[in-house]
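# Reading the structure
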Amino acid sequence: MGFPSPITSFHTSAYPAIDPTLATLSSKGKNIVITGGGAGIGSEIAKASAQSGAVSIALLGRTEKTLLATKQTIEDESKATTVRTYVADITSAKDLDHSISAHTKEFGKLHVLVANNGFLPLKQSIIESSLEEWYEGFEVNVKGNYNLVRALLLHATADAAVLSINTVLAHMAYIPGMSSYLALTIATAKSFEYLHYEHPSLFVLSINPGSIKTAMNAKAVGSWEPYPYDNIDLPASFLVWAASNEAKFLNGKFVWAQWDVDELKKMADMIRGTENFTFGLLGWPKGRTTN
Ligand SMILES: NC(=O)c1ccc[n+]([C@@H]2O[C@H](COP(=O)([O-])OP(=O)(O)OC[C@H]3O[C@@H](n4cnc5c(N)ncnc54)[C@H](OP(=O)(O)O)[C@@H]3O)[C@@H](O)[C@H]2O)c1
């Protein structure tokens, strides 16, 4: 299946320009927080960040076992990185304040936040759904990221990178049964866009990670047809690139991990400071205003 794309090179796995071990993408000296860091995409982002030289990584999530497993893998492979795990529910402001203050107290201010927590509601029409299932994603993504950003702002460097894992579905047309997920992912994208405007010294970017075989994705199988899978090393490496100086022209935008970064860099002037790659009303007529 083909997607519409602003670039011609569309990747399904990591490639040399986003190799986390490149000196130009180095995370040396950076303290990085990753929510949902024990499993799936978050765990791989943590491993790639360690390969890139992060000095410390805070892994947040509710499941201690998976957090500890990711920590062990990183500490075996990347001796320069210290990993701390924090059992935290993103919907609890108290859990986040506690985790983020504890990490900052030990390592100093935070340089990168990866908001990777997520919940995929069952594919059901509004009338078929229960409020609990329909609304849970708003708790985990919308309220959760609100808590997360407020905790982060107290403890981040002025130019910290805030990377939100979102989804392609946020800007796709009507998909039956997906009212909750599409609504919450647009709400999430808009919240991060506002963070960008309210704190212009930060670097804020929303990212579609691709279609990756994970526990969350498994919930979708049989419920809606998944697109062909991308390799999990693609979003992991792309996130390291997104936190580097090379991506600065994308501040405040929404991009896909599959888009070739060299092609994106060539488009910097038509992206930076424009409304391109943001959410809005389709078909808005140019140059026409009310009187
Ligand atoms: N896989 C895909 O194809 C795909 C496509 C587009 C977007 N995404 C996005 O990618 C992100 C990662 O998902 P994934 O595919 O890697 O699935 P996953 O393996 O199921 O990861 C979801 C993560 O979110 C964490 N989480 C969920 N509820 C939480 C809560 N209340 N508090 C703290 N952490 C919570 C989970 O940790 P605990 O359960 O331990 O708390 C888990 O680590 C999500 O935001 C998802 O929407 C994935």
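Values in this document were obtained by computation on a predicted structure and should not be read as measured data. (Residues numbered from 1 in each chain as written. Predicted model: local features only at pLDDT ≥ 70, side-chain atom pairs only at ≥ 80, totals over all residues. Heavy atoms only, no water.)

## Description of unusual backbone geometry
With phi around 60°, Phe-277 is a residue other than glycine that occupies positive phi space. With respect to the helices, strands and loops of the structure, Phe-277 is situated in the segment after α9 (268–271). (Helix = DSSP H or I, 4+ residues; strand = E, 2+ residues; numbered from the N terminus.)

## A short note on the packing of aromatic side chains
To describe a pair of aromatic rings, you give the distance between the ring centres and the angle between the ring planes. Applying the stated criterion across every chain, the model contains seven aromatic pairs. Ring plane angle 10° and centroid distance 5.4 Å describe the contact between Tyr-135 and Phe-138, whose orientation is recorded as stacked. Taken together, the positions of Tyr-135 and Phe-138, both in helix α4 (residues 131–153) and three residues apart, correspond to about one turn of that helix. With a relative accessible area of 15%, Phe-138 lands in the buried category. On the numbers, 5.6 Å between centres and 10° between planes, the contact of Trp-256 with Trp-259 is stacked. (Phe/Tyr/Trp six-rings, centres within 6.5 Å; stacked < 30°, edge-to-face > 60°. Buried < 20%, exposed > 50% of the residue type's maximum accessible area, 1.4 Å probe, protein only.)

## Quick look at helix α7 (residues 233–242)
Most of α7 sits inside the fold, with nine of its ten residues counted as buried. Considered for burial, the residues of α7 that qualify are Leu-234, Pro-235, Ala-236, Ser-237, Phe-238, Leu-239, Val-240, Trp-241 and Ala-242. Looking at the buried positions of α7, the neighbouring elements they touch are α1 (40–51), β4 (110–115), β5 (156–165), β6 (203–208), β7 (253–256) and α8 (261–266). (Contact = heavy atoms within 4.5 Å.)

## Considerations on the site of the ligand
Looking at the ligand, there are 26 residues lining it, with Arg-62, Thr-63, Ile-212, Thr-214 and Asn-217 nearest. At 2.8 Å from a nitrogen atom of the ligand is found a main-chain nitrogen or oxygen belonging to Ile-90. Separating an oxygen atom of the ligand from a side-chain N or O atom of Asn-217 is a distance of 2.8 Å. Protein contacts shield 90% of the accessible area of the ligand, which totals 870 Å² for the unbound molecule. Mapped by element, the contributors of at least two residues to the shell around the ligand are α1 and α6 (215–220). With three residues, α6 is the single largest residue contributor to the shell around the ligand. Grouping the amino acids of the shell around the ligand by side-chain chemistry returns eleven nonpolar, 13 polar and two charged. (Near = heavy atom within 4 Å. Polar contact = N/O pair within 3.5 Å; in protein donor to acceptor, adjacent residues only side chain to side chain. Areas by Shrake-Rupley, 256 points an atom, 1.4 Å probe, with all protein chains shown as cover. Nonpolar A, V, L, I, M, F, W, Y, C, P; charged D, E, K, R; others polar.)

## Section: the layout of surface pockets
Estimates place the volume of the second largest pocket at around 920 Å³. Mapped by element, the contributors of at least two residues to the lining of the second largest pocket are α5 (179–198) and β7. If one sorts the elements of the lining of the second largest pocket by residue count, α5 sits on top with three residues. Its residues assigned to classes, the lining of the second largest pocket comprises 15 nonpolar, seven polar and four charged. (1 Å grid on protein atoms, 1.4 Å probe; cavity = no way out; pocket = protein on both sides within 12 Å on 5 of 7 lines; lining within 4 Å. Points joined across faces, edges and corners; volume = space filled by probe spheres on them.)

## Notes on the nonpolar core
Grouped together as the largest cluster of nonpolar side chains are 62 residues, with contacts concentrated most on Ile-57, Leu-163, Ile-207, Phe-238, Trp-241 and Leu-250. In terms of residue count, the dominant contributor to this core is α7 (seven residues). Not counting chain neighbours up to four residues away, the residues in contact with Phe-238 comprise Ile-18, Ile-207, Val-255, Trp-256, Ala-257, Trp-259 and Val-261. (Core = buried A, V, L, I, M, F, W, Y, C linked by side-chain atoms within 4.5 Å.)

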